[in-house]
Amino acid sequence: MNWEAPKVYAVKHKDISTRMASRSGGIFTALSDNILEQGGIVYGCVLTDDFLAAHVRAEKAEDRNQMRGSKYIQSDLRGVFKMVRTDLDAGKKVLFSGTSCQVAGLQGFLGKEYDHLCCVDIVCHGVPSSNVWKAYIKWQERRNHSKCVNVDFRNKRDHGWAAHIETMMFASGAKVDSEVFKNLFYGHHILRPCCYQCPYKSTMHPGDITIADYWKIRKAAPGFNDNRGVSLVLLNNDDGNAAFEAVKEAVEYRACRIEDSLQTPLVRPFERPECREVFWKDFHKRSFRFVAKKYGGYVPENRIAVNVKKLKKKLKRLLKTLT
Amino acid sequence: MKKTIGDLPVLFNEKENCCGCSACYAICPVEAISMEPDEEGFLYPAVDAGKCIRCYKCLAVCRFKEEQRIKGYYSRGICG
Ligand SMILES: Cc1cc2nc3c(=O)[nH]c(=O)nc-3n(C[C@H](O)[C@H](O)[C@H](O)COP(=O)(O)OP(=O)(O)OC[C@H]3O[C@@H](n4cnc5c(N)ncnc54)[C@H](O)[C@@H]3O)c2cc1C
Ligand code: SF4
Ligand code: SF4
């Protein structure tokens, strides 16, 4: 049974390389390390070879490490729930991580509580369309005349925790930073329709533990932020509490108040944009370049060049009048 | 004599009411449900009428619709 209100902590993994490889403060690695050390199994979302998101099973830390980092598209769960049940019935400890609706889905499927299952749900903005993501990668490949070999949905190493810039690496060696997919994501046209009516947009969640980026850290725990990532950790019941107690050695933490920790997805879902249908018509009928310009804040390079030229001319004129 | 068989389960009326968690797909005892992408690339369950034995386990397992109902989202005129 979940408590009436969660216990709230700000958490940073003590190992800085772990934290830099994680979306926020690395609490997922601390919790999953503890499971792996006991011979348990970790389930979570990885990026596949064709840059799509899917849930997989991990017995080893190196496989678990692929789950670190947020993939801002909906993850494919096919086949996974049955594997979880098989592991649980074999008496193995299991940690399952995913969006709140994925965790609730698993719990519904299992139909009973298992003492040796720990569910960790992530605070979720909503999940973007993988079709838009695929079209975006193709567009970037065309523009850069090279195959994409790696992506980071939110590059923290180069830009810090709070920034939101996606980075693509190409076979040619080129590395491209962009905010086009971020802008499409935050425009909300590309979210799954159910996300506008998500029932998990409150401080109450289906997981034993709920994790998020601690955006309100300055208010909740002044002095704790270093822009390298802090996790907001909500302990929702006795099991979650015990799982956190077991990893306290590996992390720095501060107890916080829920009132100081709120962000929109802990209060209500985002609204469905009125012109959602118009977006999808554009997406299906027009070029991706058009979509990127109209909805993704993309400004073609030649336009930038023209503007810079104009600005230079203006400056020259201005300097002349001054001298 | 013609065998009478119940209605095919309707897993969602509007796309808003399915999060694609795959619980119905996983619980089906005869693998009658597949998860198929729509034109936006999101997966939704599709029931194969030939395989389905009308046990309705897929309807009973769906937590998402249940929680939307509790929150009052499900009845917002969006769904029947
Ligand atoms: C689609 C999406 C929306 C998000 N929206 C918000 C938000 O609104 N506010 C906020 O504070 N944080 C959001 N997050 C990020 C979430 O806060 C972080 O996962 C959390 O901070 C984990 O911190 P960590 O340092 O322990 O992470 P990491 O070690 O980086 O752990 C990542 C965890 O996320 C899971 N994961 C990654 N991608 C997906 C996916 N596509 N589907 C399901 N699970 C996935 C992995 O299984 C893993 O458990 C979102 C993440 C995703 C994927
Ligand atoms: S916003 Fe809600 S319904 Fe949408 S993916 Fe996230 S948890 Fe699921
Ligand atoms: S269980 Fe419900 S929410 Fe999950 S995929 Fe099936 S119909 Fe959709």
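Residues numbered from 1 in each chain as written. Chains lettered and ligands numbered in written order. Predicted model: local features only at pLDDT ≥ 70, side-chain atom pairs only at ≥ 80, totals over all residues. Heavy atoms only, no water.

This part takes up the packing of aromatic side chains. Taken as a whole, this structure holds 24 aromatic pairs over all chains when the rule is applied. With a centroid separation of 6.1 Å and 50° between ring planes, the pair formed by Tyr136 of chain A and Phe288 of chain A is classed as tilted. Here the residue Tyr136 of chain A occupies a position in helix α6 (residues 130-144), and Phe288 of chain A occupies one in helix α12 (residues 288-295), the gap between them amounting to 152 residues. Tyr136 of chain A gets classed as buried once you look at its relative accessible area, which sits at 0%. The structure contains a cluster of three or more aromatic residues connected by ring pairs, namely Tyr72, Trp133, Tyr136, Trp139, Phe153, Phe181, Phe185, Tyr186, Phe288 and Tyr298 of chain A. Sitting over the ring of Tyr44 of chain B, Arg192 of chain A keeps its end group 4.1 Å from the ring centre. (Phe/Tyr/Trp six-rings, centres within 6.5 Å; stacked < 30°, edge-to-face > 60°. Helix = DSSP H or I, 4+ residues; strand = E, 2+ residues; numbered from the N terminus. Buried < 20%, exposed > 50% of the residue type's maximum accessible area, 1.4 Å probe, protein only. Lys NZ or Arg CZ within 6 Å of the ring centre and 35° of its normal.)

All names here are of chain A. Contact geometry of α6 with α12 gives a least axis separation of 10 Å together with a crossing angle of 105°. One way to sum up the angle between α6 and α12 is to call them roughly perpendicular. Of α12, the residues touching α6 (which contributes Val132, Ala135, Tyr136 and Trp139) are Phe288, Arg289 and Ala292. The class makeup of the residues in the contact of α6 with α12 is 6 nonpolar, no polar and 1 charged. (Axes fitted to C-alpha atoms, helices over the stretch in contact; angles between N-to-C directions. Parallel < 35°, antiparallel > 145°, perpendicular 65-115°, else oblique. Contact = heavy atoms within 4.5 Å. Nonpolar A, V, L, I, M, F, W, Y, C, P; charged D, E, K, R; others polar.)

All names here are of chain A. Taken in spatial order, the 8 strands make up an open sheet running β3-β2-β4-β5-β9-β10-β1-β11, and their pairing is mixed. Across the chains shown, the open sheet's two edge strands, defined by having one partner strand only, are β3 (53-58) and β11 (251-256). Taken pair by pair, the neighbouring strands of this sheet meet at an average axis angle of 25°, ignoring direction. As judged from the 3 bridges shared by strand β5 (residues 117-122) and strand β9 (residues 209-213), these two strands associate in the parallel manner. Pairing of Ile122 across the sheet is with Ile211, part of β9. (Pairing = 2+ DSSP bridges.)

Residues and elements named next belong to chain A. Looking at the element boundaries, His13 is found in strand β1 (residues 7-13). For His13, a relative accessible area of 10% corresponds to the buried category. Sequence separation of His13 and Ala30 is 17 residues, and the distance between their C-alpha atoms is 7.1 Å. Excluding residues within four positions of it along the chain, His13 makes contact with Thr18, Arg19, Gly25, Gly26, Thr29, Ala30, Ala250 and Val251. At a separation of 3.1 Å, a polar atom in the side chain of His13 contacts the main-chain amide nitrogen of Asp15. (Polar contact = N/O pair within 3.5 Å; in protein donor to acceptor, adjacent residues only side chain to side chain.)

Looking now at the site of ligand 1. Residue and element names in this part refer to chain A. Near ligand 1, the surroundings consist of 35 residues, among which Ser24, Gly26, Gly69, Lys71 and Gln263 are the closest. Contact distances for ligand 1 include 2.9 Å between an oxygen atom and a backbone N or O atom of Cys45. Protein coverage of the free-state accessible area of ligand 1, which is 890 Å², stands at 98%. Here the shell around ligand 1 is built from residues that sort into 14 nonpolar, 17 polar and 4 charged. (Near = heavy atom within 4 Å. Areas by Shrake-Rupley, 256 points an atom, 1.4 Å probe, with all protein chains shown as cover.)

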